[in-house]
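Examining the three-dimensional arrangement
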Amino acid sequence: MTRIVAVVPAFEEEAAIGPVVAEITAFDPSIDVVVVDDGSSDGTGVAAAAAGATVVRLPFNLGIGAAVQTGFRWALERDYDLAVRLDGDGQHDPAELPKLLAPIERGEADVVTGSRFREEEDGYRPPLGRRVGITWFARLVSLLSGQRVTDTTSGFQALNRPGIELFARDYPSDYPEVEATVLLLKHRLRLAEVHVRMREREHGSSSITFVRSVYYAVKVTLALFIAMGRRYAVPSEGVER
Amino acid sequence: MTPVRISIAAAIGSALLILIVLELIRGRRLKERYALLWLATGVVLLVLSVWRGGLNTIAAWLGVSGYPPAILFAAAIMFVIAVLLHYSTVLSRLTDDNVLLAQEVALLRARLDALEQAADREATARPAG
């Protein structure tokens, strides 16, 4: 029996988190849901627990990267075979999970990302500023990884055991998904992308201002290149995979 | 040549720095590992201020012809930069440690909650007595 854990990072998502947990459980009751409450000041943790999730409550706000990593550490500690990651604001639909898990189950990938841009038909058009950033990182990561990557900011992911082990040990901080692709590459884990639909966020809005976007874009780009220059331990199973 | 009064003032200043750092270590308000760079700063500045011929020679090497005490400033600034850079690395390590601790506390707490809930359930299912 494959044990699956859903890791849901949440910060100030009191209104959204309950339905998110309920939806995952309704979709597949065998999936254990762990909500990482990233030091929220509202009732995020209580709402998640009420909906039946295990709540790992960080004592103060660590930021998305460290929150997600906490979830992967939980997955590792509790010995799960597979982990899926969904955002706490309800934009990821659990019904798409089988698509994410399929490449792992076929043994073709260690980490699978749900991309909004894999197929054109979808019609999801983010605002111009976001689109520029998303395209920039998609091109950059595609170039660095030598495979077509279309969505580097998606937090909708599935990981097998080696993926969990890697991210539990080492996970970047802001917009971690971009740098994480380089980590995967360096550790010779296989990344795959599948097309998924995402919902518009229902509660709150993406509160990232222009200046912050530029700051993050510069910072993450720098981090990418530095990460490329680092030496990483490659899983040593005798020979290279 | 370096004016004598500048040498005296600089020597007093650097000696004072060394004494303050030593006193802070003695009072356990400064750990040795963070004090070493400060002590090195004080010692180098003290040597450069007292050893007047040396200061002039170094200034001449570096092409500072008009005002040898500029070398004192340069040395002081370099050491301050080294100390600050060292602090940035210390700060980064502390940040990492802090994140790790917070995660560890949160994970332990979640396990404790689960254990307590299980124990409660058991206690209600099988009342003592």
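Residues numbered from 1 in each chain as written. Chains lettered and ligands numbered in written order. Predicted model: local features only at pLDDT ≥ 70, side-chain atom pairs only at ≥ 80, totals over all residues.

Focus on the overall build of chain A
Under the convention used in this document: Every helix listed is a DSSP run of H or I at least four residues long, and every strand listed is a run of E at least two residues long, numbered separately from the N terminus. Computation of the radius of gyration draws on C-alpha atoms, with the globule rule given as 2.2 Å multiplied by the number of residues to the power 0.38. Once C-beta atoms are placed from the backbone, any two residues with those atoms within 7 Å are in contact.
Looking only at helices and strands, chain A features eight helices and seven strands. For chain A, whose C-alpha radius of gyration is 17 Å, the value lies close to the compact-globule estimate of 18 Å for 241 residues. If one aligns the C-alpha atoms of chain A with their principal axes, the spans along those axes are about 45 × 45 × 40 Å. In chain A, the proportion of contacts linking residues at least 24 apart, taken out of those at least 6 apart, comes to 76%.

So, the sheet that holds strand β2 (residues 32-37) of chain A
Residue and element names in this part refer to chain A. Stated formally: Two strands pair under a simple rule: DSSP has to find at least two bridges between them. Here an angle of 0 to 180 degrees is reported between the N-to-C directions of two axes, which are lines fitted to C-alpha atoms, with helices fitted over the stretch in contact.
One open sheet accounts for seven strands, arranged β3-β2-β1-β4-β6-β5-β7; its pairing is mixed. With partners counted over all chains shown, the strands left at the sheet margins are β3 (54-57) and β7 (191-195), one partner each. This sheet shows a mean twist of 20° between the axes of neighbouring strands, independent of strand direction. Strand direction decides the pairing type here: β2 and β3, joined by four bridges, are parallel. Looking at β3, one finds that Asp37 is bridged to Arg57. Contacts from helix α1 (residues 14-27) reach β1 (4-10) and β2, with the element oriented near 160° to β2.

Considering unusual backbone geometry
This is how it is decided: Between the buried cut of 20 or more and the exposed cut of 12 or fewer other C-beta atoms within 10 Å of a residue's own C-beta lies the partly exposed class, and all C-beta atoms are placed from the backbone.
Positioned with a positive phi, Glu12 of chain A is a non-glycine residue whose angle comes to about 50°. For Glu12 of chain A, the location among the structural elements is in the loop between β1 and α1. Of the residues examined, Glu12 of chain A has 20 C-beta atoms within 10 Å and is grouped as buried. Phi is positive for Arg28 of chain B, close to 55°, though the residue is something other than glycine. Position of Arg28 of chain B among the secondary structure elements: in the loop between α1 (4-26) and α2 (32-50). For Arg28 of chain B, a count of 7 C-beta atoms within 10 Å translates into the label exposed.

Observations regarding the nonpolar core
As a reminder, the rule being used: The nonpolar core criterion groups buried Ala, Val, Leu, Ile, Met, Phe, Trp, Tyr and Cys residues into a set whenever they are joined through C-beta atoms within 7 Å.
Judged by nonpolar contacts, the single largest core of 69 residues is most densely connected at Val7, Val34, Val35, Phe72 and Ala83 of chain A. The element best represented in this core is helix α3 (residues 64-77) of chain A, accounting for seven residues. With residues up to four places along the chain from it excluded, the contact list for Ala83 of chain A reads Val5, Val7, Phe72, Ala75, Leu159 and Ile164 of chain A. Counting seven residues, the second-largest nonpolar core is a separate cluster that includes Leu45, Leu48, Leu55 and Ile71 of chain B.

Structural notes on the pairing of β2 of chain A
Residues and elements named next belong to chain A. Worth spelling out the cut-off: The crossover handedness rule: strands pointing away from the viewer, path from first strand over the helix to second strand clockwise, crossover right-handed.
Among the six residues that make up β2, six are buried, leaving the element largely enclosed by the rest of the structure. Side chains Asp32, Val34 and Val36 of β2 all project onto a buried face; the interleaved residues Val33, Val35 and Asp37 project onto the opposite face, where all are buried too. Each parallel crossover has a hand, and the one from β1 via α1 to β2 is right-handed. For the crossover from β2 across helix α2 (residues 44-50) to β3, the handedness is right-handed.

Brief notes about the environment of Gly39 of chain A
All names here are of chain A. Looking at the element boundaries, Gly39 is found in the loop between β2 and α2. Placed 176 residues apart in sequence, Gly39 and Tyr215 show a C-alpha to C-alpha distance of 24 Å. Non-local contacts of Gly39, meaning those with residues more than four positions away in its chain, are made with Leu58, Pro59, Phe60, Asn61 and Leu62.

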